[in-house]
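# Examination of the molecular architecture
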Amino acid sequence: MRVKGLIFSVSGARGIVGQGIDAVVLTELAAHFGSWLGEGTVVVGRDSRISGEMARGAVTAGLLGAGRDVVDLGIVPTPTVGLAVRKLGAAGGIQISASHNPAEWNALKLMSSRGIFLTAQEGANLKARIDAGRPEFVGAFDVGSRTRRQDFPSVHVDEILASPLVDAEAVRERGLRCVVDCVAGAGGPTARILLERLGVKVSWLHDGPTGRFPRNPEPLPENLTELGETVREKKADIGFALDPDADRVAVVDETGRPIGEEVTLAVVVDFVLPQVGGDVVVNVSTTMAIEAVAERHGAKVRRTPVGEVNVTEEMLRCGARIGGEGNGGIIVPAVNPGRDGLLGIALWLTALAKTGEKVSGLAGRIPATVMRKEKIELKGLTDDQVDQILEDLPAGFPEARVDRTDGLKLLTDEGWVHVRRSNTEPIVRLLAEAGTETAVDDLVRRARDLVGRSAAAGR
Ligand code: MG
């Protein structure tokens, strides 16, 4: 299936609605997925996007047409779909969500019977089937049926509260006050159940799942102005921002200052690790502060390629009990082997309650670092030429340790630079981190100069 504007990746397919993603494309993708899964039920959920109802109809048609039964959860967080797949012993799951992307996007996030995203191998197998042609549709008597279930948000909350890492009583006793910004995404209704049961006083921002995002939906510091102001105004202890499918969470401190998604994860690791032990698993581009936190508790850090399923797989393989992604993706496999923003909220509140600290106090325990994210345009160069430029880069950093877990990462005493070629645009993505602004800018400048020079030579 070749559709202009449709981006197919390991964990699913995404595009702009009407320009790559439409009812026909979604039906065919879902039918391919359904027949690839084979026997069993498929769980379907969606975020609150305006195109969500169209997409739900199309995806359901494809699955039923391929002979699968569908359990429809309605508007739910992505981690709720994974949980339902496992609880129901389903063949797989589809969450219809373009996550933090703007409202005009939509996407399918595909899960196997393990309730986690497809692995690279599974994704490649499915892609081969999709590329081979039209999906197989069954005859009238084999068409599947659809059941609706509305109880999974509360099942999800039960699961979170059952974790020994979450202490609802301590949270209730501390009498915390918080502000939650759900960005009109899927997280609002589930977050309401969770916080009610934790006995927290909440001021809600955009908790209705209307899909009309009031701001850029990615929970980056620059998008959390309203949340910060509301925390100050309400004199709240903490502010939480969920992304539209509620698998990521970012925290704002009691003064209204966003502590950043990287520190949001690092504080949870700092709180959970001494209770559970073992190694910490994060991806290559997550903050180096995780190493400092792990060392404090005598633990090691394992790093994986970028992509949630890579972190999940490594956690399951080595039995790690805490990990995630620096974009505010917190993973505790005992509750959920994928990123879970609701779990993140419960762990943060427990940390505040049990330590008696303020958010700024907990965040202050994490070594301060500075990260930079940049793009280098390389118009007119072939993929091979770009690969060659990246191949030559380590020579310009003779003091650095080279890590090729994912793209190229150069680690120096000051920090690191991570460069990856984009698969969709003629650009190189560059991420760098160091202890100070000067040090990180120096790393970025050196990498930029080297890439620029070899690009000029290559032309
Ligand atoms: Mg998301």
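Overview of the structure. (Residues numbered from 1 in each chain as written. Predicted model: local features only at pLDDT ≥ 70, side-chain atom pairs only at ≥ 80, totals over all residues. Heavy atoms only, no water.)

### A few points about the coordination of the magnesium ion
Here the magnesium ion is held by the protein donor atoms Ser 99 (OG), Asp 243 (OD), Asp 245 (OD) and Asp 247 (OD), which lie 2.0 to 2.1 Å from it. Linear spacing of the donor residues for the magnesium ion on their chain is S-x143-D-x1-D-x1-D. Here Ser 99, found in the loop between strand E6 (92-96) and strand E7 (105-111), pairs with Asp 247, found in the loop between strand E11 (238-242) and strand E12 (249-252); they are 148 residues apart in sequence, far enough to count as distant. (Donors = N, O, S within 2.8 Å, 3.2 Å for Na, K, Ca; no water. Helix = DSSP H or I, 4+ residues; strand = E, 2+ residues; numbered from the N terminus.)

### As for the environment of Arg 174
Position of Arg 174 relative to the elements: it lies in helix H6 (residues 168-174). For the pair Arg 174 and Glu 261, spaced 87 residues apart in sequence, the C-alpha separation works out to 25 Å. What Arg 174 contacts, discounting residues up to four positions off in sequence, is Leu 352, Ala 353, Gly 356 and Glu 357. Among the polar contacts made by the side chain of Arg 174, one reaches the main-chain carbonyl oxygen of Leu 352 at a distance of 2.6 Å. (Contact = heavy atoms within 4.5 Å. Polar contact = N/O pair within 3.5 Å; in protein donor to acceptor, adjacent residues only side chain to side chain.)

### Digging into the pairing of strand E9 (residues 177-181)
Of all five residues making up E9, four are buried, and the element is well covered by its neighbours. Inspection of the sheet shows E9 paired to strand E10 (residues 201-205) by five bridges, in the parallel sense. Paired with Arg 177 across the two strands is Lys 201, which belongs to E10. With helix H7 (residues 188-197) bridging E9 and the parallel E10, this β-α-β connection has right-handed handedness. Where E9 meets E11, four bridges bridge the pair, whose relative direction is parallel. (Buried < 20%, exposed > 50% of the residue type's maximum accessible area, 1.4 Å probe, protein only. Pairing = 2+ DSSP bridges. Right-handed = clockwise from strand over helix to strand, strands pointing away.)

### Focus: the pattern of salt bridges
Should their charged atoms come close, side chains of opposite charge can pair. Using the criterion set out here, one finds 40 salt bridges in the structure. Here Glu 39 makes a salt bridge to Arg 68, at a shortest N to O gap of 3.6 Å. Separated by 29 residues along the polypeptide, Glu 39 in the loop between helix H1 (23-37) and strand E4 (41-46) and Arg 68 in the loop between helix H2 (52-65) and strand E5 (69-75) bring together distant segments of the chain. Taking the relative accessible area as the measure of exposure, Glu 39 reaches 72% and is therefore exposed. The partner of Glu 374 in a salt bridge is Arg 448, and the shortest N-O contact between them spans 2.8 Å. (Salt bridge = Lys/Arg side-chain N within 4 Å of Asp/Glu carboxyl O.)

### Some remarks on empty space enclosed by the protein
Tallied over the entire structure, the rule returns three cavities of 30 Å³ or more. Taken as a whole, the largest cavity spans an internal volume of roughly 80 Å³. If you go around the largest cavity, you meet 13 residues; those closest to its centre are Met 111, Gly 115, Ile 116, Glu 308 and Gly 338. Among the elements of the structure, helix H3 (78-88) and helix H11 (308-318) are those that each provide at least two residues to the lining of the largest cavity. At three residues, the largest contribution of residues to the lining of the largest cavity is made by H3. Per-class residue counts for the lining of the largest cavity are five nonpolar, six polar and two charged. In this structure, the lining of the largest cavity is formed jointly by two domains, domain 1 (7-150) and domain 2 (155-364), each of which donates at least three residues. Approximately 50 Å³ is the volume attributed to the second largest cavity. In terms of lining residues, the second largest cavity is bounded by Phe 8, Gly 12, Ala 13, Leu 29, Ala 30, Phe 33, Leu 108, Leu 110, Leu 126 and Ile 130. Elements supplying a minimum of two residues to the lining of the second largest cavity: strand E2 (12-17), H1, E7 and helix H4 (120-131). Per-element tally for the lining of the second largest cavity: the top contributor is H1, with three residues. Looking at the lining of the second largest cavity residue by residue, the classes come out as nine nonpolar, one polar and no charged. (1 Å grid on protein atoms, 1.4 Å probe; cavity = no way out; pocket = protein on both sides within 12 Å on 5 of 7 lines; lining within 4 Å. Points joined across faces, edges and corners; volume = space filled by probe spheres on them. Nonpolar A, V, L, I, M, F, W, Y, C, P; charged D, E, K, R; others polar. Domains from an automatic or database assignment.)

The values reported here are purely geometric and, on their own, carry no functional implication.
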